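Survey of secondary and tertiary structure
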Amino acid sequence: MEQEVRLIDIKDLVLWTENPRDPIDENAVDQDIVDRALEDVLNKWSLGKLAKEMGDYYDFSELPTVVYHNKKPVVYDGNRRIVLGKIKHGIVKVNGVENILLPEFPEKIPCNVCSKTIALKNVLRKHSDIGSWQPLERDRFLHKFMGKEKSLFLAIDEETGIISANPHLNQRFVKEEIFKEETLKAMGFILKNGSLYSVHDTKEGHSILADITKKIKNKDISTRKYRGKVIEVLEPSSQKIIDQNKNNKPKPFGVNFNKSKRVVSGSATTKRQSPRTPPKKTEIFGGLLYLRMGEVGNLYRDIVDLYGFYIKERSRLSQAFPSLIRMSLRLLCEKAAKDSNDMKLDNYLKKYFTEAKDRLDQDGKTTLSTQNITETSIVQLLHIGAHNYASAKNLEQTMALSIIVGEILTVTHGKDN
């Protein structure tokens, strides 16, 4: 069987966890994927826009591509449309779709059922060159599913997580003109046997990468501005580091921007790797907080104990355990918001974010920037913790969140306030 059209009940169709648009943990179920699509932190699903484009009814000329995994029909192409259908028929539980006008969906959908090989070729043909995939997604798909050699761009992200942690880096310009071999070497970084080496120590290298990341985000360097002048656009302090270390012998680089955020499964070359041991002990909340007596202070101490338990016992705990810490941060913030004149969580975080950030030292501010934690994103990042998303397991980002949460709590619930 190469390809054939079959009528399949929409409730039986299984959403693809390895969808290049936004991969999720391989053990996730349809409900997890729908929750993620509705949250849409990275703006990759746009369900409302799709529903509008579809019009009043489902067009049978647009067939989902389906591959049977044993007896499960997995949707390789057409996941967004099937998400809308599952919502329409109440197959999944949803909130926040009031503004999405859903088209009419039949309960049974004609699908193009084919082999995995055919499905992957179809997916690549339909998406890789029309702008629906960004460079990192395309490179990951080609390497994982099509047997292509791992690109330098993908290798950098698998080694450091810097691109996944900073979505504005995931663009063709950055891949082809900044994160290329000669430019990385000029900045003091080389990739050797799939591992990142640097002539800089951890703190210095972190500072340089954070600097170029910020310059790209602020468009200080772009296709129209300072093109080809990467070193020149860096801060004088970064240029000084690069110059003084240029003759050093490269050594393994110890910074991991967002390693556990990568959601992969399958072959041995794409399995999750344990984060490197940090050069110094990382403290949750950035260190001890001195809060007023009360439920907020009690919950804070419970979270510190939870993190201590994780550090002591993580060798026997699952990779999902850090998501419990992320969830507890959201619970702590909700309690603190209610304790602050019964404020809503979003309003509480946004009101005190800037003041709290100003209290941080430069390392703390750099950590927030590296993990893309801003006044706008902090609410979404804490909300992620309420779901079993792979990104909620990202301990590095959770620790960065704890630093700004700690400062916000100090502003609103500190002993001196």
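Just so it is clear, the structure is predicted and the values come from calculations on it, not from any experiment. (Residues numbered from 1 in each chain as written. Predicted model: local features only at pLDDT ≥ 70, side-chain atom pairs only at ≥ 80, totals over all residues. Heavy atoms only, no water.)

Here we come to the overall build of the chain. Scanning the chain from N- to C-terminus turns up 18 helices and eight strands. The burial tally for the chain puts 52% of its 417 residues in the buried class. Sequence separation of 24 or more characterises 69% of the internal contacts of the chain that already satisfy a separation of 6 or more. Summed over all atoms, the accessible surface of the chain reaches about 21,300 Å², with 47% contributed by carbon and sulfur. (Helix = DSSP H or I, 4+ residues; strand = E, 2+ residues; numbered from the N terminus. Buried < 20%, exposed > 50% of the residue type's maximum accessible area, 1.4 Å probe, protein only. Contact = heavy atoms within 4.5 Å. Areas by Shrake-Rupley, 256 points an atom, 1.4 Å probe, with all protein chains shown as cover.)

A separate point is the packing of helix H14 (residues 322-339) against helix H15 (residues 345-358). In contact at an axis separation of 9 Å, H14 and H15 are set at 85° when each is read in the N-to-C sense. With respect to each other, H14 and H15 are oriented roughly perpendicular. Taken together, the residues of H15 that come into contact with H14 (itself represented by Arg-330, Cys-333, Glu-334, Ala-336 and Ala-337) are Leu-345, Tyr-348 and Leu-349. Here the contact of H14 with H15 is built from residues that sort into six nonpolar, no polar and two charged. (Axes fitted to C-alpha atoms, helices over the stretch in contact; angles between N-to-C directions. Parallel < 35°, antiparallel > 145°, perpendicular 65-115°, else oblique. Nonpolar A, V, L, I, M, F, W, Y, C, P; charged D, E, K, R; others polar.)

Confidence in the prediction of the chain, expressed as mean pLDDT, is 83, and 87% of residues score 70 or more. Note that pLDDT drops below 50 for residues 259-280; the model gives that stretch 50 contacts with residues more than four away or on any other chain. (pLDDT = per-residue confidence, 0-100.)

On to the packing of aromatic side chains. With the rule as written, the count across this model stands at ten aromatic pairs. Centre to centre, the rings of Tyr-310 and Phe-321 are 5.6 Å apart; their planes meet at 5°, and the pair counts as stacked. Here the residue Tyr-310 occupies a position in helix H13 (residues 295-313), and Phe-321 occupies one in the loop between H13 and H14, the gap between them amounting to eleven residues. Residue classification places Phe-321 among the buried residues on the basis of a relative accessible area of 11%. (Phe/Tyr/Trp six-rings, centres within 6.5 Å; stacked < 30°, edge-to-face > 60°.)

Glancing now at the sheet that holds strand E7 (residues 195-198). Strand order across the open sheet formed by three strands is E6-E7-E8, with antiparallel pairing between neighbours. The open sheet has two edge strands with one neighbour each: strand E6 (189-192) and strand E8 (251-252). In this structure, E7 lies alongside E8, joined through two bridges in antiparallel fashion. Its bridge partner being in E8, Ser-198 is matched across the sheet by Lys-251. (Pairing = 2+ DSSP bridges.)

When we look at burial in helix H12 (residues 236-245), the residues that qualify are Ser-238, Ile-241, Ile-242 and Asn-245. The buried side chains of H12 occupy one side of the element, clustering within an arc of 95° when seen end-on. For H12, the exposed residues lying more than 90 degrees away from the buried face are Pro-236 and Lys-240. Contacts from the buried residues of H12 go to helix H9 (181-187), helix H10 (202-217) and helix H11 (230-233). (Arc of directions from axis to C-beta.)

With the rule as written, the count across this model stands at 20 salt bridges. Notably, a salt bridge pairs Lys-175 with Asp-139, separated by 2.9 Å at the nearest N-O pair. Separated by 36 residues along the polypeptide, Lys-175 in helix H8 (residues 172-177) and Asp-139 in helix H5 (residues 135-146) bring together distant segments of the chain. Assessed through its relative accessible area of 26%, Lys-175 is described here as partly exposed. With a shortest N-O distance of 2.9 Å, Arg-172 and Glu-176 are connected by a salt bridge. In this pair, Arg-172 and Glu-176 are both assigned in helix H8, four residues apart and thus about one turn of the helix distant. Overall, the relative accessible area of 60% leaves Arg-172 in the exposed class. (Salt bridge = Lys/Arg side-chain N within 4 Å of Asp/Glu carboxyl O.)

The biggest cluster of nonpolar side chains holds 42 residues, and the ones touching the most others in it are Phe-285, Tyr-348, Leu-349, Ile-373, Ile-378, Ile-404 and Leu-409. Elements represented by at least two residues in this core include exactly H13, H14, H15, helix H17 (377-384) and helix H18 (395-413). For this core, the element with the highest residue contribution is H18, accounting for ten residues. Contact partners of Ile-373, with chain neighbours within four places excluded, come to Phe-353, Leu-368, Ile-378, Leu-381, Gln-397, Ala-400, Leu-401 and Ile-404. The next biggest cluster of nonpolar side chains, apart from the first, holds 27 residues, and it includes Leu-13, Leu-15, Val-75 and Val-83. (Core = buried A, V, L, I, M, F, W, Y, C linked by side-chain atoms within 4.5 Å.)

Here we come to the pairing of E6. Alignment of E6 against E7, held across four bridges, turns out to be antiparallel. Across the sheet, Leu-191 pairs through a bridge with Leu-196, a residue of E7. The hairpin turn running from E6 into E7, its antiparallel successor, is two residues long, and Asn-193 in that turn takes a positive phi close to 55°.

On to unusual backbone geometry, then. In this structure, Phe-285 takes a positive phi of about 65° despite not being glycine. By relative accessible area, which is 4% here, Phe-285 ends up buried. Phi is positive for Asp-342, close to 55°, though the residue is something other than glycine. Turning to its location among the elements, Asp-342 is positioned in the loop between H14 and H15. Classification of Asp-342 as exposed rests on a relative accessible area of 54%.

For the rest of this paragraph, the subject is the pairing of strand E3 (residues 65-69). In summary, the side chains of a regular strand alternate between the two faces of the sheet. Judged from the five bridges that link them, E3 and strand E4 (residues 72-77) form a sheet pairing that is antiparallel. Bridge pairing in E4 links Val-66 to Val-75. Remark: two residues form the turn of the hairpin made by E3 and E4, two consecutive strands paired antiparallel; Asn-70 in that turn has positive phi of roughly 60°. Sheet topology places E3 next to strand E5 (residues 108-114); two bridges connect them, and they run parallel. For Thr-65, the partnering residue across the bridge sits in E5 and is Asn-112.

Here the focus is the side chain of Thr-213. For Thr-213, the location among the structural elements is in helix H10. On the accessibility criterion, Thr-213 (4% relative accessible area) is buried. Thr-213 has contacts with Ile-162, Asn-166, His-168 and Leu-169, leaving out every residue within four places of it along the chain.

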